Amino acid sequence: MTNGLTLPAPVDGAAALAATMEWITASEGSDELFSPGLKPLDVSGGSESLAQHLAAAGLFSWCNAIVATATPGQPLHLDPPLSWLMANAALEVAVSATRKGLFYAVGELQMLGNVGDRDLAAAICARVAGQADTYPILTRLQTRLHGLWDSRFNDRLRQYAERTAGAPLTTRDLWPRHDGMPVGDGWAHQAAAALWPDRYMALLTSLPSLFQSGFAEPLESLNIDRIAALVSACPPIFSDGGAPLGPVLPFALLEAMEGRLAAMAMDNMPSADGCVVRILEAVLSRPDGHWLGRAWLQQIIWRGNSRRAGRAWTDVDTQRKVRDRIVAGVSTQVAPLGAAAFDWIRTEQPLWIVDRILAEASILEAHGDAAAAAEILASGVLQGLVTATGRADGMTTRSPESDVVGRVLSGLPDLTLWFSTLWRETYEVREALSYPFKGSLDNPAYPVLSWGLNGLNASPQAAIDQAGLWRAIAGAVFETQRIDPNAWLFNGAMPPITRVTVQLGAALADRGILPVDDLAGFLGDQLEPTAEHARLWQIARAEASDALSLEAGRKVGAALVREAIETALNEPQPNWDMALDATSKADLADFARRL
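Residues numbered from 1 in each chain as written. Predicted model: local features only at pLDDT ≥ 70, side-chain atom pairs only at ≥ 80, totals over all residues. Heavy atoms only, no water.

Draft legend 1. Quick look at the packing of helix H22 (residues 400-410) against helix H25 (residues 445-457). Orientation of H22 relative to H25, taken along the N-to-C sense of each, is 70°, at an axis distance of 7 Å. Taken together, H22 and H25 sit at an angle that is classed as roughly perpendicular. Between H22 and H25 lies a crossing of right-handed hand. On the side of H22, the interface is formed by Glu401, Ser402, Val405, Gly406, Leu409 and Ser410, while H25 contributes Trp451, Gly452, Asn454 and Gly455. Of the residues that constitute the contact of H22 with H25, the class distribution is 3 nonpolar, 6 polar and 1 charged. (Axes fitted to C-alpha atoms, helices over the stretch in contact; angles between N-to-C directions. Helix = DSSP H or I, 4+ residues; strand = E, 2+ residues; numbered from the N terminus. Parallel < 35°, antiparallel > 145°, perpendicular 65-115°, else oblique. Left-handed = near helix turned anticlockwise from the far one by under 90°. Contact = heavy atoms within 4.5 Å. Nonpolar A, V, L, I, M, F, W, Y, C, P; charged D, E, K, R; others polar.)

Next up, the structure:
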């Protein structure tokens, strides 16, 4: 996009710029928040306006152009000569960096000259090349940031930071939970990041962690190489034992960069792949890179599904490919913790602890040790570290959780043995939870069932007994439905687990791997006149042929299935995700009639 810095200089542009700089230098500025940047460019009859100053210098055409532009009803954008003048004035003010009220003046001139932060920063770097040591912008920026943090607008955050000073940082503190503060002044941040990445990162990371996350916004438009350089230049982020030390800006940069990579991949996947390699190199070449990589991997798994699917990103598959490349790159290049794995896992808060288990399993699997990875999963369940949090989300196909678990378990020589053994070893806990006064949503049945289905779903090319595994899972599903008081919560983990069990059973039956009697037996166990049961038949029909679904229905009992479906279709439809659309209802009604 054209900006004032790219326009050709007018014939008398140098004189107009010199007069403009005289006017700017003579005006008084202020570093106080929300202070005006410059005196008015035009005030009719005002001797202090830029228009009058240009006229006094004999530059009447420039004066007239400003007066005409300032007339009410004129377009907001400036004519090319004025745009050139304002953009180059912004550059001169920024390069000198001596004016009081520097940031407000440059911001106003940027707007008038239509100059973005990136273009202005690039022009500044070109001008100060070779004399960067004498360029005072870093000192001005430090004063500016401390002023912003100490301002009355940040009283509450500052008081919170003071109360929590010295407390260990947690996963919640590392990753930005919002877009941060509108710190602005992106041109100064980008210039400082390019000129002195080490000193700039030392400055930012010396500020409270709550404030650091806000700096992702002025930096996220930097190219990937520069972001990688900032990550490399950051002071130590983790101790040798993996404890966060205070710098959190790299986490904000990594999160912002993921969105950039996904957008880039839509147009040029090879270029995005190269950038993934570059950022992974920057992360993992740090002395604490293995801890930073682990934290990044854990966060990707925690986030789960692709962000803003269907709104910001039209190509969710491309976004997933970028995510998968990062997961694979980190998992391959970070060494497993071995015996210390659960020391690291147990230091996490309960909400995120399962994501550390999954991260370590992903690392072990990437290093070719699926058995050890599966043991990490099983041990997490048996130690009570895998709670109900996120288990239903883990059933979503192509979520990071389902991908990791699917890769791990489908690589086992006997997945049925893994599932059956873990199911048996969780018996006492599951049995205790079957009594209402002992009830809890943190039932180990759900991660075992969810992960078993993930493994089965990922096993088309694996040499495992798929029918035997499905039968073991189906039996465990029915057992859980029979004894767990919370199994029938409509928004709990059991409904999606049951649906996936039917989906995989129907697919296996349609391929001749699973006898239709087994599928019919499971569907018969679920028989009831509800919308959820009708939904199971809809899923079965979507995965299997019409003839096979009819055969399964007749084996359950034509009259019973017909009555259950017809009753469910005549009842008011629920508002949650088991509601059937008109097409599905018509198909099921026809299916029931033909049984």
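Draft legend 2. The arrangement of helix H18 (residues 316-333) in detail. The end-to-end C-alpha separation of H18 is 26 Å, in line with the 26 Å expected for 18 residues at 1.5 Å each. Among all positions of H18, only Val316, Thr318, Gln319, Arg320, Val322, Arg323, Ile326, Val327, Gly329, Val330 and Ser331 are buried. Each element contacted by the buried residues of H18 is listed here: helix H15 (249-267), helix H16 (269-284), helix H17 (289-303), helix H20 (350-366) and H22. (Expected span 1.5 Å × (residues − 1). Buried < 20%, exposed > 50% of the residue type's maximum accessible area, 1.4 Å probe, protein only.)

Draft legend 3. Looking closely at H17. With 15 residues, H17 should reach 21 Å at 1.5 Å per residue; the first-to-last C-alpha distance of 21 Å fits that figure. Counting buried residues in H17 gives 12 out of 15 residues, a clear majority hidden from the surface. Positive phi appears at Gly304, one or two residues downstream of H17, with a value of about 75°.

Draft legend 4. Summary view of the nonpolar core. Among the nonpolar cores identified, the biggest contains 190 residues, and Ile124, Trp187, Tyr200, Trp296, Leu377, Leu409 and Trp418 are the most heavily contacted of them. Looking at this core element by element, the count peaks at 11 residues for helix H4 (residues 80-96). If sequence neighbours within four positions are ignored, Leu409 has contacts with Ala374, Leu377, Leu415, Trp418, Trp451, Gly452 and Gly455. (Core = buried A, V, L, I, M, F, W, Y, C linked by side-chain atoms within 4.5 Å.)

Draft legend 5. Structural context of the pattern of salt bridges. Counting across every chain of the model gives 23 salt bridges. For Arg278, the salt bridge is made with Asp225, and the minimal N-O distance between the two is 3.5 Å. Of this pair, Arg278 sits in helix H16 while Asp225 sits in helix H14 (residues 224-233), placing them 53 residues apart in sequence. Of the residues examined, Asp225 reaches a relative accessible area of 49% and is grouped as partly exposed. Arg541 is the partner of Asp546 in a salt bridge, and the nearest nitrogen-oxygen pair spans 2.9 Å. Residue Arg541 is classed as buried on the basis of its relative accessible area, which comes to 15%. Within this structure, Arg541, Asp546, Asp587, Asp590, Arg593 and Arg594 form a network of salt bridges that share partners. (Salt bridge = Lys/Arg side-chain N within 4 Å of Asp/Glu carboxyl O.)

Draft legend 6. Highlighting the packing of H25 against helix H26 (residues 466-483). For the pair H25 and H26, the least separation of the axes is 10 Å and the interaxial angle reads 155°. Taken together, the axes of H25 and H26 lie roughly antiparallel to each other. Crossing geometry of H25 relative to H26 is assigned as left-handed. Taking contact as the criterion, the partners of Ala445, Tyr446, Leu449, Gly452, Leu453 and Leu456 in H25 are, on H26, Gln466, Leu469, Trp470, Ile473, Ala476, Val477 and Thr480. Looking at the contact of H25 with H26 residue by residue, the classes come out as 10 nonpolar, 3 polar and no charged.

Draft legend 7. Molecular detail of unusual backbone geometry. Phi at Ala97 is positive, roughly 55°, even though this residue is not glycine. Tracing the chain through its elements places Ala97 in the loop between H4 and helix H5 (102-113). Taking the relative accessible area as the measure of exposure, Ala97 reaches 3% and is therefore buried. The backbone phi angle of Asn114 is positive, close to 55°, even though this residue is not glycine. Inspection of the secondary structure assignment puts Asn114 in the loop between H5 and helix H6 (117-128).

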